[in-house]
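Here's the letter readout for the chains.
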Amino acid sequence: MDMTLFLVILVIVTALFFDFTNGFHDSANAMATSVATGALKPKVAVLIAAVLNVAGAFLSTEVAATISGGIVEDSVVTPLMVFAGLVGAIIWNLLTWLLGLPSSSSHALFGGLIGAVLVGAGLSGVHFGTVVSKVLLPALVAPVVAGLAAAGATFIAYKIAAHRENERTEAGFRHGQTVSASLVALAHGTSDGQKTMGVITLVLITAGYQASGTDPQLWVILAAGLCIGLGTYSGGWRIMRTMGRGLVDIQAPQGFAAETASTTAILASSHLGFALSTTQVCSGSIVGSGFGRKMAEVRWSTARKMVYAWLLTLPAAALVGAAAAFVADTGVFGTVVVIAVLAAAVLGIWQVARRNSVSADNVNEGRDVTLSARPEVPAGV
């Protein structure tokens, strides 16, 4: 096996592992509000989300094209750079999952790739115009638009439900949530499922195994869809607690409104090829639903932490990706060192998370995610 083929295989395996982390990191996007309101049981929710994530991955390849030939210059990118970028994305994804922060897996991926390419190929390797127009601007606009839409939809939902029997109304909205949450999961597959497709396609192009400008191959679509689906099914309960309980006390009409607004924003962006953060859209919708319901409490301390994570994601992942590229570029030994560091980081974060585990059994039993083993304060206390 020559070095190029080895690196291509290494990148594909690492990309699929990133896809798995993307799945459990972002499973809360679709199902947090439905789990919080009791519309769906936790394990049923993630099973539905997993299946629809896989289905969504087959619906479009516009976002994959943006990544494989838009953000970076594929003619100067090497498989080693892509590998280093993925390392940056995976480590940031796992750190934010550990803290229960709904940061952007998409921006972690973009940041890692940009940092690695800057080290390996210089400024000419990054299409900054595309980064601004299809990554940064949508990141600023989409959460605000989704939040406003969710606020308006929530206000209308409560107006419609006014003076009606409360229990029947709540039950009706919970049934509606099963549909709206499923649509978010499907939309998430069309957006985030494509990002790993784009990365694998990029490395196949840079290694000469695929022509520049061509779409992802069927096996790439299938593998990426299955990995994000498996990751989604694993739960991502730490972030689900933050989004379902930590930002706003969600009621069924709010959840339905937030999920509907998120679906619309994500599907529109996927159709246009915008590499949008589904996490930011869904978080914006949840906060917006708090504005739409009279007397609802928005927990701004949690929202601030979330925004800080958003702002740090791209540069932090870029720094890790750049460092990984610098070390890996020294040769085979450097690449082995990066693999060892990644494995140590994954195991270390997993061990810390076990100190205060959040699972399907206790996801709704608290508002905050902590690293200590102290008891959680139940929501509403």
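Residues numbered from 1 in each chain as written. Predicted model: local features only at pLDDT ≥ 70, side-chain atom pairs only at ≥ 80, totals over all residues. Heavy atoms only, no water.

Caption draft 1: Quick peek at helix H13 (residues 332–353). For H13, which comprises 22 residues, the first-to-last C-alpha distance of 32 Å matches the rise-based estimate of 32 Å (1.5 Å per residue) to within 8%. Of the positions making up H13, those classed as buried are Gly334, Thr335, Val338, Leu342, Ile349 and Ala353. Mapping the buried residues of H13 onto a view down its axis gives an arc of 105°, with all of them on the same face. With respect to the buried face of H13, the exposed residues turned more than 90 degrees away are Val332, Phe333 and Leu347. Of the surrounding elements, those touching the buried residues of H13 are helix H1 (3–37), helix H4 (79–98), helix H9 (237–246) and helix H12 (300–328). (Helix = DSSP H or I, 4+ residues; strand = E, 2+ residues; numbered from the N terminus. Expected span 1.5 Å × (residues − 1). Buried < 20%, exposed > 50% of the residue type's maximum accessible area, 1.4 Å probe, protein only. Arc of directions from axis to C-beta. Contact = heavy atoms within 4.5 Å.)

Caption draft 2: Region of the structure containing the environment of Ala258. Mapped onto the secondary structure, Ala258 falls in helix H10 (residues 252–272). Residue Ala258 is classed as buried on the basis of its relative accessible area of 2%. Considered as a pair, Ala258 and Ile286 are 28 residues apart in the sequence and their alpha carbons are 5.5 Å apart. Apart from the residues lying within four places of it in its own chain, the contact partners of Ala258 are Ala150, Ser285, Ile286 and Ser289.

Caption draft 3: Highlighting helix H2 (residues 42–56). Compared with the 21 Å implied by 1.5 Å per residue over 15 residues, the 21 Å span of H2 between its first and last C-alpha is a close match. Considered for burial, the residues of H2 that qualify are Pro42, Ala45, Val46, Ala49, Ala50, Asn53, Val54 and Gly56. For H2, the angular spread of buried residues about the axis comes to 160°, placing them on one side.

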